[in-house]
Amino acid sequence: MGTRHLRAATTAGTALTLIVAAVAIVLTTSANTAAAAVTTFTPVADTYVQSDTASTNYGTAAELDVDNSPVRRLFLRFTVSGVSGTVTGAKLRLRHSASNSGSDNGGTFKAVSNTTWSETGTTWNNQPALDGATLGSLGSVSSNGWYEVDVTALVTGNGTFSVGASSASSDGAYWDSRESGADSPQLVVTTGTAPSPSPSASGAAAADPVLVGAGDIATTGSGDTATAALLDGISGTVFTIGDNVYDNGTASEFNSLYEPTWGRHKARTRPAPGNHDYNTSGATGYYNYFGSVAGPSGRGYYSYDLGNWHIVSLNSNISMSAGSAQESWLRGDLAASTKSCTLAYWHHPLFTSGANHAPSTSTRPLYQALYDYNADVVVFGHNHQYERFAPMNPAGTLDNARGLRSFVAGMGGAGLYSFGTIQPNSQARNNNTFGVLKFTLHASGYDWQFVPQAGKTYNDSGTGSCH
């Protein structure tokens with residue numbers, strides 16, 4: 001047991017082009033690591049063609065269709081530049097249009113050798129041939145869902161690539177085109193792999209670990225797409241702080257909404273559940289989707305270590321009272337930790353200025369246990385906004401000596417909320433920008449940074465020391 005726990009006890013380059021016929025393909029990669037690089041591209045051209053309107057061009061349409069009655073085929077082209085190193089993963093991501101209920105066949109995707117077709121000039125009569133290797137197929141697809149096709153076999157580096165898609169089903173699939181804006185198809189390219197840690201001459205270890213994430217994430221909107229794109233470029237462990245998918249945490253919602261966005265980082269994610277995840281009885285959709293990394297099913301609290309930090313994921317949807325199974329486990333877990341610094345996260349906030357959800361005082365026993373063991377940082381969700389508080393004790397009083405710095409990081413993708421009465425010790429707030437909260441965990445301190453969605457400028461950053 002370290003000193004901090006003894007004290008606690010006493011206190012108690014080129015272009016890559018991709019063409020897809022009537023469906024979007026996603027390039028996703030394995031979990032980001034220190035040496036891996038992930039780049040997301042949107043198409044420079046897309047269109048579809050239709051057999052019974054053989055001379056009509058659909059290059060400016062908001063959808064890309066695949067069907068067999070009449071026959072429709074789609075094409076996509078992506079220009080990718082600045083990719084260096086070996087491509088280790090490439091996926092094409094597509095979102096099924098909300099204007100159609102779905103299809104039993106999302107399409108079969110093939111490489112296309114023609115990379116000079118015209119978006120505004122291609123028709124059924126002059127369409128490029130689907131003459132390349134089959135890259136993958138999509139089965140049943142649903143309205144508003146994101147889907148992906150692995151195209152690593154085609155995308156080997158910088159260059160121009162085309163992909164086309166067709167369907168044998170008369171129940172067509174309708175994919176959002178690049179004209180749809182935030183729901184445009186995406187090509188996600190990953191290069192590099194994680195190197196083995198190499199000590200320096202002084203025997204120093206690898207770079208300080210990174211913990212990054214948010215809560216209130218996946219919906220039928222585009223906010224989660226924007227924040228997932230941020231994760232593409234940030235290495236480290238991903239945390240979630242509940243309400244991972246809306247509205248009810250069903251298996252279908254996890255597969256169609258969470259999986260195509262934040263799901264591409266699932267292998268490096270350590271989640272926590274929220275009340276919407278528990279809208280499905282026993283949160284079975286959540287536990288089945290994340291598996292063992294979510295902690296024992298029905299319990300949902302667990303801990304792990306990153307560098308010199310002890311990280312605790314807690315469940316604010318079950319009993320948290322003093323003496324409860326969770327609170328007793330937390331005290332035992334903290335007492336057993338040998339790490340100098342501690343960060344915890346859960347869904348319902350003890351401190352918040354949000355107008356939609358009042359402070360959840362039932363969480364205070366968890367905060368009290370963390371305070372008793374000299375923990376350093378707590379992160380909440382639930383209110384869809386960002387807020388940072390000064391270090392406080394469990395009563396909400398400023399405590400720069402032993403208080404925990406707390407954050408509300410509910411800006412992962414769900415519609416943003418307004419603020420109400422600003423609570424004491426609130427130091428930073430934002431409710432018009434989706435983003436992720438990034439911690440760099442040093443041996444005796446930490447840096448925090450709000451990373452905003454593309455096109456936004458809000459930022460909040462700083463440093464703190466461990467107790």
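Basis of the calculations
Residues numbered from 1 in each chain as written. Predicted model: local features only at pLDDT ≥ 70, side-chain atom pairs only at ≥ 80, totals over all residues. Heavy atoms only, no water. Helix = DSSP H or I, 4+ residues; strand = E, 2+ residues; numbered from the N terminus. Buried < 20%, exposed > 50% of the residue type's maximum accessible area, 1.4 Å probe, protein only. Areas by Shrake-Rupley, 256 points an atom, 1.4 Å probe, with all protein chains shown as cover. Axes fitted to C-alpha atoms, helices over the stretch in contact; angles between N-to-C directions. Parallel < 35°, antiparallel > 145°, perpendicular 65-115°, else oblique. Left-handed = near helix turned anticlockwise from the far one by under 90°. Contact = heavy atoms within 4.5 Å. Nonpolar A, V, L, I, M, F, W, Y, C, P; charged D, E, K, R; others polar. Pairing = 2+ DSSP bridges. Salt bridge = Lys/Arg side-chain N within 4 Å of Asp/Glu carboxyl O. Disulfide = S-S within 2.5 Å.

### Concerning the overall build of the protein
Helix and strand content of the protein: six helices and 27 strands. In the protein, which comprises 467 residues, the share counted as buried stands at 56%. Surface accessibility of the protein: about 16300 Å² in total, with carbon and sulfur atoms responsible for 48%.

### Overview of the packing of helix α5 (residues 325-336) against helix α6 (residues 364-372)
Put simply, α5 and α6 touch, their axes get as near as 10 Å, and they point 15° apart. Taken together, the axes of α5 and α6 lie roughly parallel to each other. Seen along the crossing, α5 lies across α6 with a hand that is right-handed. Between α5 and α6, the contacting residues are Gln326, Glu327, Leu330, Arg331 and Leu334 on the first element and Pro365, Leu366, Gln368, Ala369, Leu370 and Asp372 on the second. When the residues that make up the contact of α5 with α6 are grouped by side-chain class, the tally is six nonpolar, two polar and three charged.

### Some points on the environment of Pro209
Tracing the backbone through its elements, the reader meets Pro209 in the loop between β14 (186-191) and β15 (210-214). What makes Pro209 partly exposed here is its relative accessible area of 22%. Distance from Pro209 to Gly236, taken between C-alpha atoms, is 6.4 Å for residues 27 residues apart in sequence. Once residues lying within four places of it in the same chain are set aside, the contact partners of Pro209 are Leu306, Gly307, Phe439, Thr440 and Leu441.

### Remarks on helix α2 (residues 223-232)
Among the ten residues that make up α2, eight are buried, leaving the element largely enclosed by the rest of the structure. Of the positions making up α2, those classed as buried are Gly223, Asp224, Thr225, Thr227, Ala228, Leu230, Leu231 and Asp232.

### What about the environment of Val83?
Summarising the element assignment, Val83 is placed in the loop between β5 (71-80) and β6 (87-95). Sequence separation of Val83 and Thr191 is 108 residues, and the distance between their C-alpha atoms is 7.6 Å.

### Structural notes on the sheet that holds strand β18 (residues 302-306)
As summarised here, the arrangement of the seven strands in space is β18-β19-β20-β21-β23-β22-β24, forming an open sheet in which the pairing is mixed. If you trace the sheet from one side to the other, it starts and ends with β18 and β24 (426-430), each paired once. Taking each pair of neighbouring strands and ignoring which way they run, the sheet shows an average axis angle of 15°. Taken together, the four bridges between strand β22 (residues 386-389) and β24 define a ladder with antiparallel strand orientation. Bridge pairing in β24 places Tyr386 opposite Asn430. Against the sheet, α5 engages β18, β19 (309-313) and β20 (341-345), with an angle of about 170° to β19.

### Focus: the pattern of salt bridges
A complete count under the given rule lists eight salt bridges for this structure. Between Asp67 and Arg72 there is a salt bridge whose closest N-O contact spans 3.2 Å. Residue Asp67 is classed as buried on the basis of its relative accessible area of 3%. Its salt-bridge partner being Arg178, residue Glu119 comes within 2.7 Å of it at the nearest N-O pair. In this pair, Glu119 sits in the loop between β8 (107-112) and β9 (134-138) while Arg178 sits in the loop between β13 (173-176) and β14, placing the two residues 59 residues apart along the sequence.

### Focus: the pairing of β8
Summarising the sheet, β8 and β9 pair through four bridges and their orientation is antiparallel. The residue of β9 that forms the bridge with Thr108 is Ser137. Relative to strand β12 (residues 159-166), β8 runs antiparallel, the two being bridged by five bridges. Within the sheet, the bridge partner assigned to Ala111 lies in β12 and is Val163.

### Side note on unusual backbone geometry
For the peptide bond that leads from Ser69 to Pro70, omega is -5°, which places it in the cis range. As for its position among the elements, Pro70 is in the loop between β4 (63-68) and β5. With omega at 5°, the peptide bond leading from Tyr246 into Asp247 counts as cis. When you line up the elements, Asp247 lands in the loop between β16 (237-240) and α3 (251-258). Positive phi is not limited to glycine here, since Asp243 has a value of about 50°. Its location among the elements puts Asp243 in the loop between β16 and α3. For Asp243, a relative accessible area of 1% translates into the label buried. The phi torsion at Ala283 lies on the positive side, around 50°, for a residue other than glycine. Residue placement: Ala283 occurs in the loop between β17 (269-270) and α4 (284-290).

### Comments concerning the state of the cysteines
Overall, the coordinates contain one disulfide when judged by the stated rule. A sulfur-sulfur distance of 2.0 Å marks the disulfide that ties Cys341 to Cys466. Judged by the sign of its S-S torsion, about 110°, the cystine formed by Cys341 and Cys466 is right-handed. Within this pair, whereas Cys341 is found in strand β20, its partner Cys466 is found in the segment after β27 (460-465), the two being separated by 125 residues in sequence. Take Cys341: its relative accessible area is 0%, and that puts it in the buried class. With relative accessibility at 16%, the residue Cys466 sits in the buried group.

### Some thoughts on the sheet that holds strand β25 (residues 435-441)
In space, the six strands of this open sheet follow the order β17-β16-β15-β25-β26-β27, with mixed pairing throughout. If you trace the sheet from one side to the other, it starts and ends with β17 and β27, each paired once. Judged from the six bridges that link them, strand β26 (residues 445-452) and β27 form a sheet pairing that is antiparallel. Bridging across to β27, Gly445 finds its partner in Ser465. Running at roughly 25° to β25, α2 makes contact with β15, β16, β25 and β26 of the sheet.

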